[in-house]
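Below are the chains, spelled out letter by letter.
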Amino acid sequence: MIRTYAASVLLVVSVGAWQPARLPAESPPAAPSPSPSPAAPYSLPWLLRPAAAASVMRLDTTVALFANPANGKAGHTVVESFTASYKASPRIAPLFRVSWVDHHAPDPTTPDHTIPGATREASGRAFSNPLVGLSYVRPLARGWRVSLFGASAIPVGDGGGDQPDPGAAAAIARGIPARSAMDNALFAVNYWTLIGGVGAAHVTPALTLQGEATVFQLTRVRGPRSQDDRRTNLTLGLHAGRFLSPHVSLGGELRLQRWLTRAAPVRANPKARETLTAALGPRFHFKVGGHWVRPGVSYTRSLDEPLRAQGYDMVQLDLPIAF
């Protein structure tokens, strides 16, 4: 009896102490990793350097309208600029640029002293110097980018030498103001030019802000000895762009060119030391066959002398295609 009772108590205690093995709790499903946010859209500048390393073919046409202050006769200059760049790495892109100028003088029988060394202006056509360079762009935190640029313009353009063709020389001279004096190295056909530049951009979904500074060191390698042996030139630029929709942006620029030496254009006209222009226009962004196409049109106005006295107005048609 006692043994039976003891056995019963032992059985109850054993059963009470026993617990079934617990299965491990089921882990909650892992939350999906957030997809990376799309890059903020970048507003491509008009005449400033792009703050991006990319493979691009770009053709832009600038039509400059002006008048001879001596008689009010109108003239125009058309500059076709071709640029090709290749994205060698995410940060480095070599590039090539050349321009073609088609110039129609206001009145070839009327003296025009806006061109140093010329008593009468002729109509003509000319190729510019070619330019080869390398662009380096480094992204930073919070939408910032910095860029470095090095290039050289090779003095083989038309309108140079000791006895240049008058029409080609006039076309090359008029190419400078048509491009807001930002591409001087292309049109300094008697000079070998070394170029160094630095820039910074802040790109957010709401706004692109960009600035750059570029120094040009020109050394004469052909042409008359009456020209400067050396010249130093500086250009500064600011760009602001805003996307009105995913496919339309509006961009504006302020550009300043300044001679750092007393170059021949400054000696001929002290007001030519600086050139200040402003530009504004829309750009469109869409894909064709998987490639981004960003055509745009801008209007540029001269803000100071001597271009303002000639009523300079410039319209730029820009067609970049990214590969």
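What counts and how
- Residues numbered from 1 in each chain as written.
- Predicted model: local features only at pLDDT ≥ 70, side-chain atom pairs only at ≥ 80, totals over all residues.
- Heavy atoms only, no water.
- Salt bridge = Lys/Arg side-chain N within 4 Å of Asp/Glu carboxyl O.
- Helix = DSSP H or I, 4+ residues; strand = E, 2+ residues; numbered from the N terminus.
- Buried < 20%, exposed > 50% of the residue type's maximum accessible area, 1.4 Å probe, protein only.
- Polar contact = N/O pair within 3.5 Å; in protein donor to acceptor, adjacent residues only side chain to side chain.
- Contact = heavy atoms within 4.5 Å.
- 1 Å grid on protein atoms, 1.4 Å probe; cavity = no way out; pocket = protein on both sides within 12 Å on 5 of 7 lines; lining within 4 Å.
- Points joined across faces, edges and corners; volume = space filled by probe spheres on them.
- Nonpolar A, V, L, I, M, F, W, Y, C, P; charged D, E, K, R; others polar.

**Student:** Quick question: what am I supposed to make of the pattern of salt bridges here?
**Tutor:** Side chains that carry opposite charge are capable of pairing whenever their charged atoms lie near each other. In this structure the tally under the stated criterion is 15 salt bridges. For Asp-313, the salt bridge identified is with Arg-301, shortest N-O distance 2.6 Å. Of this pair, Asp-313 sits in strand β15 (residues 313-322) while Arg-301 sits in strand β14 (residues 296-302), and the two are 12 residues apart along the sequence. The exposure class of Arg-301 is partly exposed, given its relative accessible area of 32%. Shared partners join several salt bridges into a network, and the residues in it are Asp-60, Arg-97, Arg-179 and Asp-183.

**Student:** Help me understand the side chain of Asn-233, please; the structure alone is not making it clear to me.
**Tutor:** Tracing the chain through its elements places Asn-233 in strand β9 (residues 230-245). Reaching out from Asn-233, the side chain makes a polar contact with the backbone oxygen of Arg-258 at a distance of 3.2 Å. Those residues in contact with Asn-233, other than ones at most four positions away along the chain, are Asn-184, Thr-214, Val-215, Phe-216, Leu-218, Gln-257, Arg-258, Trp-259 and Leu-260.

**Student:** Looking at this model, I keep getting lost on empty space enclosed by the protein. Mind explaining?
**Tutor:** Summary: where empty space remains is shown by rolling a probe the size of a single water molecule over the atoms. Inspection of the entire model under this criterion finds two cavities of 30 Å³ or more. Volume-wise, the largest cavity comes out at about 60 Å³. If you trace the largest cavity, you find it lined by Leu-47, Thr-62, Ala-178, Arg-179, Ser-180, Arg-255, Thr-300, Met-314, Val-315 and Gln-316. Of the residues forming the lining of the largest cavity, the biggest block, three residues, is contributed by β15. Counted by class, the lining of the largest cavity contains four nonpolar, four polar and two charged residues. Around the second largest cavity sit Pro-41, Thr-204, Pro-205, Ala-206, Leu-207, Thr-208, Gly-241, Arg-242 and Phe-243, which together line it. It is β9 that provides the largest number of residues to the lining of the second largest cavity, a total of three residues. By residue class, the composition of the lining of the second largest cavity is five nonpolar, three polar and one charged.

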